[in-house]
Amino acid sequence: MGRPSRWSDERKANREQAEWIVGWLRENGPATTPEIIDALRSEGRAVRAHILQRALRKSPFVHRVGSETGVRGEVSRWAFGVEEDTRP
């Protein structure tokens, strides 16, 4: 009996979702976390915290470029870029 693939359908779907978030930021960013969540919902995509974190924190192309006050308090602002933006 062979070993099961480490790339299950669920893992492939999670990776595709994270790539979609990064691509959306490249086209529409910079954006706040709530704006990204609204974009996911408007596209009919599920909002899953661990996938959002993977896309925003682990991608080498997405950087936190500051924060601003939102409806529920302070929210992060994210941008797509090759080098980290040092602006506040």
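Quick note: structure is the one above.
Residues numbered from 1 in each chain as written. Predicted model: local features only at pLDDT ≥ 70, side-chain atom pairs only at ≥ 80, totals over all residues. Heavy atoms only, no water.

### Some points on the packing of aromatic side chains
Here is step 1 of the chain: Inspection of the entire model under this criterion finds one aromatic pair.
Here is step 2 of the chain: Ring centres of Phe61 and Phe80 lie 5.8 Å apart, and the angle between their planes is 25°; on these two criteria the pair is classed as stacked. In this pair, Phe61 is assigned in the loop between α3 (49-57) and β2 (62-70) and Phe80 in strand β3 (residues 73-80), connecting sequence segments 19 residues apart.
Here is step 3 of the chain: Taking the relative accessible area as the measure of exposure, Phe80 reaches 30% and is therefore partly exposed.
Here is step 4 of the chain: One Lys or Arg, Arg26, reaches over the ring of Phe80 and ends 5.4 Å from the middle of that ring. (Phe/Tyr/Trp six-rings, centres within 6.5 Å; stacked < 30°, edge-to-face > 60°. Helix = DSSP H or I, 4+ residues; strand = E, 2+ residues; numbered from the N terminus. Buried < 20%, exposed > 50% of the residue type's maximum accessible area, 1.4 Å probe, protein only. Lys NZ or Arg CZ within 6 Å of the ring centre and 35° of its normal.)

### Comments concerning the environment of Glu74
Here is step 1 of the chain: Mapped onto the elements, Glu74 comes out in strand β3.
Here is step 2 of the chain: By relative accessible area, Glu74 is classed as exposed at 61%.
Here is step 3 of the chain: With 42 residues separating them in the primary sequence, Glu74 and Thr32 have C-alpha atoms 10.0 Å apart.
Here is step 4 of the chain: Here the side chain of Glu74 touches Ser67 through a polar contact of 2.6 Å, side chain to side chain. (Polar contact = N/O pair within 3.5 Å; in protein donor to acceptor, adjacent residues only side chain to side chain.)

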